[in-house]
Amino acid sequence: MLELNAQLVHMGQRAADKQAALAMLGAVLEGDGLVAAGYLAGLQAREAQGSTYLGQGIAIPHGTPDTRHLVRHTGVRLMHFPEGVAWGDGQVVYLAIAIAAKSDEHLRLLQLLTRALGDGDMADALRRADSPDAVLRLLGGAPQALLLDAQLVGLDVAAEDFDELTLLAARRLKKAGCVVPGFAAALHDGEALPLGEGLWWLHSDECVVRPGLAFVTPQRELSHAGQPVRGLFCLARQGDAHDAMLARLGDLLVDGRAAELVRATSCRSVLEALGGELPVDWPSLRVPLANPHGLHARPAQVLMLLARDFSGEIRVRIADEGGAPVSIRSLSKLLSLGARRGQVLEFFAEPEIAEDALAAVRRAVEDGLGEAVEPLPEHPEPIAAEAEQGEPAAPRAPEAGSRLQAVAASPGIASGPAYLQVVRRFEFAERGESPEVESQRLDDARQAISAEIDVLVERTRVTAIRDIFVTHQALLEDPELADEVQALLIEGASAEAAWSQVIERAASQQEALRDALLAERAADLRDIGRRVLAYLCGDLGAVVPERPYILVMDEVGPSDVARLDRERVAGILTARGGATSHSAIIARALGIPALVGAGEAVLALAPDTILLLDGDRGELMIAPSAESLAEAERQRARRRRRAEQAEARRHEAALTRDGHAVEVCANLGDTAGTSAALELGAEGVGLLRTEFVFMDNPQAPDQATQESEYRSVIDALGGRPLVVRTLDVGGDKPLPYWPVPEEENPFLGVRGIRLTLQRPQILRTQLRALLVAAAGRPLRIMFPMVGQVDEWRQARDLTLELCAELGGAHEVQLGIMVEVPSAALLAPVLAREVDFFSIGTNDLTQYALAIDRGHPTLSAQADGLHPAVLQLIDMTVRAAHANGKWVGVCGELAADAQAVPLLVGLGVDELSVSARSIPLVKARVREIDLPLARELASAALALGSASEVRESVARALPEVN
Ligand code: PEP
Ligand code: MG
């Protein structure tokens, strides 16, 4: 979605007239590369068709469909004209928002913008705005009007007590989009105020999205604090939006008219009394919108002009969304609907004009509101969710003897018959017996599952698994989820329906946040949701086979894996999922070989098909021959022997057969693992990912907190080398206390050094903490995601400044991570200035091959042994050595047995890997002859694919044992 930010706003502009302003806007759009030459003619033509004045001193100039082909990138630019520009019809524009849009990506922005305009007088405030931020604040922060309409009024609702009545009122506010989960709990904590005559008042400003007032009356009189309860107001409070309504209510009570509210039998009378939005009971018409880009400015304007032909009022809303209809006389309100092609518009017209007006509206909408429209399909394509429920053509099972490549999620070789576990669909009634009965059933189910989890927590010795179950317990007891479920039960839902609906909604909300960690939480939520639902439906699960089998599933929930019997599950194979999912983590922790993301075809495998999976190489064999199975068995034994021997020599140096030393260090994700890494044979730390210090804290950690973390690693290393990477967050890894605008391509957005250079204070504190913690001891610092020479220079200068400022001697080497192809391509320039390079092959591979490193189906192809990646490594090493600098590799590739000889052959000086891989990496180095490795590496550079490279290594240098 398009974002507004300060860089897009040009302040203090002056234009003699509208044409001059358009010329300036056209020039900015063109100068910024959003449009090609000629777009100005489109802006002018559009104004000639009708003014783009939106209201409140704002105009939104944009091109015509004829000039859409001149748009290179969708975007907007804002120009502030403090002296105003006459825009025709007596309108004066203080802010022009020029839009270059290829399709309808800008519609949502317009919708937000026009909603934000509100009803106050913004034009003058805009005129006086003195900075881009002030303009943005006005656009984003205009006070919203209090919502008070029919959906917020509930008369004679069934409630057992005051608490239940409160919940029902909160639920209405939630449904109307005024509040988010947590509001009901906040109300609960507040003290209710009696207004007399049995009316009560409660309010909260917590979890409020927009101000709204709900009013509910109970079916039978209740009592609270010894007083009668006949009606309850719940205010979702935001600013002073409720002032006018409150004054009106006060007058009503003073005039002794409270009984009108208490005894009201229609919403209309309540809304009339309080001055709310009255429901329209005028004749109406429903008509689908076929405009390709929805109800954007031009068709909306046609509708607005049509209203002028009638003396009465015409209103419209989106049929599915309910809500109060808006007047079609207001362009900004029409745009604020954000109506899209295919949505049905519902028009209402005052009875006196209804016949003619609705007929005219129908004609106008069907004729495309001034645009050429393609008719809508008679049977619209099912939306994704429906399509999923249908019976899509099942993919064919892979053939016997075939080999598939999947994502290696947990190492080891496993074989056995396939045992397919497909996600169960539960059948249940939507309506329940009574809120009490359903509530009790749900409590029983939750308690039973909670007890099961307790047993699992007790039984497991693996911390990672225990942590996940502790999360599950917390979700099960989450008061906000409970609040929402309870509200549905009160409305008559069954325990199953209420529970599954709330869980699904919460999981979807988490996913929508586009954060990998929160997406994992969504998987946890669904997992725990399924288990409670299964209990409620009396589904005890399928009978698990007795003999060791390969578990085949679509996607495995963490608890599915953790409940597995390690003795019977030889391996795990999933159709979807990435190597970083919780399930993969658990499989690794349990030592169960696993492949994920093998594709849907594996779900079509016949039960008991023999499978052979290699969790190191990501390979799957379907119905392998007896010979392949025997070979796999031999290999498994060889790997075990190899691991034992490697472990025995873990503290020895890693020297090739001809005596060339390669440093083998550990990658650390926290400081606590330092001594364990040394115990596993680490010669130092090649990559300390410092994100943990920032993620573990609710706010940016101060210098002292960081110092103590860094000091503990330096102390534990006792003089061995330490390479610390400065904070690498942003994009898909946001910090809760450091909001960054949502980006369409976070991996290509503001992350790593780009982000910390934008907040030099954070970088400064981190560098200072590092330098003070080192206290003159040797320290290597590197900067992540460097793609430009200038980024490196800024980061270096900042560090040197701090060294000077702190005084004393600092033994610091400064380097960069080579993760962006441009850094590798510029290595000859950078190598003259840096002290070292550390190649982050995880990111370098994703950027060189344009494959998201966590992609559930493509990441298997993101192989760092692709010759294109090897070329980039080769360029980096050559440039570094030509300038007397050293090079490490700290991506996962450094631990790959087939990659090690090639990296050494390319001249890499240091390999930094996860601690548990250290013994095997050292063992692999000991098998290498440097001249042969060099020959292999240079031959690999001339090959065409990663698999050819892998084959060449497997032929020339098979692993010994
Ligand atoms: C890399 O990209 O290879 C790397 C080591 O950094 P990270 O995995 O932390 O992004
Ligand atoms: Mg990286």
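Residue positions are given per chain, counting from 1 as you read along its sequence in written order. For naming, the first written chain is A and the first written ligand is 1, with later ones following in the order written. In view of the model being predicted, local features appear only for residues whose pLDDT reaches at least 70, and side-chain atom pairs are presented and counted only at 80 or more, with totals across whole chains, interfaces and linings using the full set of residues. Water and hydrogen atoms were dropped before computing side-chain values, which therefore reflect all heavy atoms in the structure.

In the nomenclature of an unreviewed UniProt entry, the chain is known as phosphoenolpyruvate--protein phosphotransferase of Pseudomonas triclosanedens. Per UniProt, the chain carries the Catalytic activity (unreviewed entry) text "L-histidyl-[protein] + phosphoenolpyruvate = N(pros)-phospho-L-histidyl-[protein] + pyruvate". Comment text from UniProt for the chain, heading Sequence similarities (unreviewed entry), reads "Belongs to the PEP-utilizing enzyme family." UniProt positions are given in the numbering used here, feature names are shortened, and annotations may be inferred rather than shown by experiment.

Enquirer: What's the story with the overall build of the chain in this structure? I'm lost.
Expert: Numbering of helices and strands runs from the N terminus; a helix is a DSSP stretch of H or I covering at least four residues, while a strand is a stretch of E covering at least two. Helix and strand counts for the chain come out as 36 helices and 32 strands. A 1.4 Å probe rolled over the protein chains alone gives each residue an accessible area, and that area as a share of the maximum for its type sets the label: buried under 20%, exposed over 50%, partly exposed in between. The proportion of buried residues among the 961 residues of the chain is 51%. For the chain, the accessible surface area stands at approximately 42600 Å², while carbon and sulfur atoms represent 50% of it. To be clear on the numbers: accessible area is Shrake-Rupley with a 1.4 Å probe, and residue cover counts the displayed protein chains and nothing else.

Enquirer: Please explain the site of ligand 1 as it appears in this structure.
Expert: Think of it this way: one heavy atom of a residue within 4 Å of a molecule or strand is enough to make that residue near it. The full set of residues close to ligand 1 is Leu687, Arg689, Arg725, Met817, Glu819, Gly840, Thr841, Asn842, Asp843, Arg853, Cys890 and Gly891. For ligand 1, an oxygen atom lies 3.1 Å from a polar atom in the backbone of Thr841. Within the backbone of Asp843, an N or O atom sits 3.0 Å from an oxygen atom of ligand 1. Considered on its own, ligand 1 offers 290 Å² of accessible surface; in the complex 96% of this is hidden by protein. Among the secondary structure elements, those contributing two or more residues to the shell around ligand 1 are strand 26 (685-689) and helix 31 (841-849). Ranked by the residues each element gives to the shell around ligand 1, the list is headed by helix 31, at 3 residues. Pairing of N or O atoms within 3.5 Å defines a polar contact, subject to two protein rules: one partner must be a possible hydrogen donor and the other a possible acceptor, and residues neighboring in sequence count only if both atoms are side-chain atoms.

Enquirer: What is the right way to look at the coordination of the magnesium ion (ligand 2) in this model?
Expert: Note on metal geometry: ideal angles are 109.5 degrees for four donors arranged tetrahedrally and 90 or 180 degrees for six donors arranged octahedrally. For Na, K and Ca the donor cut-off is 3.2 Å, and for all other metals it is 2.8 Å, counting N, O and S atoms only; because water is absent from this set, sites may look incomplete. Coordination of the magnesium ion (ligand 2) by the protein comes from Glu819 (OE) and Asp843 (OD), over a distance range of 2.0 Å. Here Glu819, found in the loop between strand 29 (812-818) and helix 29 (821-825), pairs with Asp843, found in helix 31; they are 24 residues apart in sequence, far enough to count as distant. Residue Asp843 is classed as buried on the basis of its relative accessible area, which comes to 2%.

Enquirer: Quick question: what am I supposed to make of helix 35 (residues 930-940) here?
Expert: Since the α-helix advances by 3.6 residues per turn, residues separated by three or four positions end up pointing in the same direction. For helix 35, the full list of buried residues reads Leu930, Ala933, Leu936, Ala937 and Ala940. Buried residues along helix 35 cover an arc of 120° about the axis, so they all sit on one side. Residues Pro931 and Glu935 are exposed on helix 35 and point more than 90 degrees away from its buried face. Only heavy atoms enter the contact rule, under which two residues are in contact if any of them lie within 4.5 Å. If you follow the buried residues of helix 35, they end up packed against helix 32 (867-882), helix 33 (899-906) and helix 36 (946-956). The directions considered for the arc run from the helix axis to the C-beta atoms.

Enquirer: Got a minute to help me understand the sheet that holds strand 15 (residues 326-327) in this structure?
Expert: By way of backbone hydrogen bonds, the strands of a sheet pair with one another, either parallel or antiparallel. When DSSP finds at least two bridges between two strands, those strands are taken to pair. Spatially, 13-16-14-15 is the arrangement adopted by the 4 strands of the open sheet, whose pairing is antiparallel. In this open sheet, the two edge strands, each paired with only one partner strand, are strand 13 (284-288) and strand 15. Alignment of strand 13 against strand 16 (residues 344-349), held across 5 bridges, turns out to be antiparallel. Looking across to strand 16, one finds that Arg286 is bridged to Glu346. Sheet contacts for helix 13 (residues 354-366): strand 13, strand 14 (314-318) and strand 16; angle to strand 13, the most-contacted strand, approximately 5°. Geometry is summarised by axes, namely lines fitted to C-alpha atoms with helices restricted to the contacting stretch, and by angles between N-to-C directions that run from 0 to 180 degrees.

Enquirer: Just to check I follow, could you spell out the confidence of the model for the chain for this structure?
Expert: Where the model shows low pLDDT, its predicted coordinates should not be examined in detail. In predicted models, pLDDT denotes the confidence assigned by the predictor to each residue on a 0 to 100 scale. For the chain, per-residue confidence averages 85 on the pLDDT scale, and 88% of positions sit at 70 or higher. Every residue in residues 380-392 is under pLDDT 50, and counting partners more than four places away or in other chains gives 3 contacts.

Enquirer: Where do I start with the sheet that holds strand 9 (residues 212-218) in this structure?
Expert: The 5 strands lie next to each other as 6-9-12-8-7, forming an open sheet whose pairing is mixed. The open sheet has two free edges, formed respectively by strand 6 (153-157) and strand 7 (193-196), since each of these has just one partner strand. Each adjacent strand pair in this sheet contributes to an overall mean axis angle of 20°, direction not counted. Relative to strand 8 (residues 199-204), strand 7 runs antiparallel, the two being bridged by 3 bridges. Within the sheet, the bridge partner assigned to Gly196 lies in strand 8 and is Leu199. Against the sheet, helix 10 (residues 267-274) engages strand 6, strand 9 and strand 12 (231-236), with an angle of about 130° to strand 6.

Enquirer: Please explain the pattern of salt bridges as it appears in this structure.
Expert: Oppositely charged side chains are able to pair whenever their charged atoms sit close together. In what follows, salt bridge is the name for a side-chain nitrogen of Lys or Arg lying within 4 Å of a carboxyl oxygen of Asp or Glu. Enumeration according to the criterion identifies 46 salt bridges in this entry. For Lys18, the salt bridge is made with Glu47, and the minimal N-O distance between the two is 2.9 Å. Remark: Glu47 occurs in helix 2 (residues 39-49) and Lys18 occurs in helix 1 (residues 18-31); sequence separation between them is 29 residues. Judged on exposure class, the residue Lys18 and its partner Glu47 are both buried. The partner of Arg950 in a salt bridge is Asp863, with the nearest N and O atoms 2.7 Å apart. Here Arg950, found in helix 36, pairs with Asp863, found in the loop between helix 31 and helix 32; they are 87 residues apart in sequence, far enough to count as distant. Each of Glu691, Arg725, Asp728, Arg751 and Asp843 takes part in salt bridges that share partners, so that together they form one network.

Enquirer: Honestly, the nonpolar core in this entry has me stumped. Any pointers?
Expert: Soluble globular proteins tend to pack their nonpolar side chains together in the buried interior. In terms of nonpolar packing, the biggest core is built from 93 residues, with Phe837, Ile873 and Leu911 touching the most fellow members. Setting aside residues no more than four positions away along its own chain, Ile873 makes contact with Ile839, Thr841, Leu844, Leu893, Leu903, Leu906 and Val908. In these notes, a set of buried Ala, Val, Leu, Ile, Met, Phe, Trp, Tyr and Cys residues joined through side-chain atoms within 4.5 Å is what counts as a nonpolar core. In terms of nonpolar packing, the next biggest core, distinct from the first, is built from 53 residues, Val76, Leu78, Ile328 and Leu334 among them.

Enquirer: So what exactly am I meant to see when it comes to unusual backbone geometry here?
Expert: Across residues other than glycine, the phi torsion is negative in most instances, and most of the peptide bonds are trans. A positive phi angle is found at Glu197, which is not glycine, with a value near 60°. Secondary-structure assignment places Glu197 in the loop between strand 7 and strand 8. Look at Glu197 and you get exposed, because its relative accessible area is 52%. The phi dihedral of Asp608 is positive, around 75°, even though this residue is not glycine.

Enquirer: I tried to follow the packing of helix 22 (residues 626-648) against helix 34 (residues 918-926) on my own but got confused; where do I start?
Expert: When two helices pack together, their arrangement is captured by the angle between the axes and the distance separating the axes. Close contact between helix 22 and helix 34 brings their axes to 8 Å; oriented N to C, the two are set at 90°. By the criterion of interaxial angle, the relationship of helix 22 to helix 34 is roughly perpendicular. Facing Arg642, Ala643, Ala646 and Glu647 of helix 22, the residues of helix 34 in contact are Pro919, Leu920, Ala923 and Arg924. Its residues assigned to classes, the contact of helix 22 with helix 34 comprises 5 nonpolar, no polar and 3 charged. Here is the rule for angles: anything less than 35 degrees is roughly parallel, anything more than 145 is roughly antiparallel, 65 through 115 is roughly perpendicular, and the remaining ranges are oblique. When residue character is reported, Ala, Val, Leu, Ile, Met, Phe, Trp, Tyr, Cys and Pro are called nonpolar, Asp, Glu, Lys and Arg charged, and the others, Gly included, polar.

Enquirer: Please explain the packing of aromatic side chains as it appears in this structure.
Expert: Aromatic ring pairs: the centre-centre distance and the angle between the two ring planes describe each pair. Here is the rule: rings of Phe, Tyr and Trp (six-membered ring for Trp) pair when centre to centre is within 6.5 Å. Planes less than 30 degrees apart are stacked, more than 60 are edge-to-face, and the remainder are tilted. Enumeration according to the criterion identifies 6 aromatic pairs in this entry. Taking 6.0 Å as the distance between ring centres and 45° as the angle between the ring planes, the aromatic pair formed by Trp201 and Phe233 counts as tilted. Separated by 32 residues along the polypeptide, Trp201 in strand 8 and Phe233 in strand 12 bring together distant segments of the chain. By relative accessible area, which is 0% here, Phe233 ends up buried. Aromatic side chains Tyr419 and Tyr549 sit 5.1 Å apart centroid to centroid with 70° between the ring planes, which places their arrangement in the edge-to-face category. Of this pair, Tyr419 sits in strand 19 (residues 413-421) while Tyr549 sits in strand 20 (residues 549-553), placing them 130 residues apart in sequence. What makes Tyr549 buried here is its relative accessible area of 4%. Members of the aromatic cluster, joined through ring pairs, are Trp201, Phe215 and Phe233.

Enquirer: Just to check I follow, could you spell out the side chain of Arg725 for this structure?
Expert: Checked against the element boundaries, Arg725 lands in strand 27 (residues 722-725). Since its relative accessible area comes to 4%, Arg725 is described here as buried. Ignoring sequence-local partners within four residues, the contact set of Arg725 consists of Leu687, Leu688, Arg689, Thr690, Glu691, Gln766, Met782, Pro784, Met817 and Glu819.

Enquirer: Looking at this structure, how should I read the environment of Asp527?
Expert: With respect to the helices, strands and loops of the structure, Asp527 is situated in helix 19 (residues 516-536). Using a relative accessible area of 1% as the deciding quantity, one classes Asp527 as buried. Taking C-alpha positions, Asp527 is 8.6 Å from His472, a pair spaced 55 residues apart along the chain.

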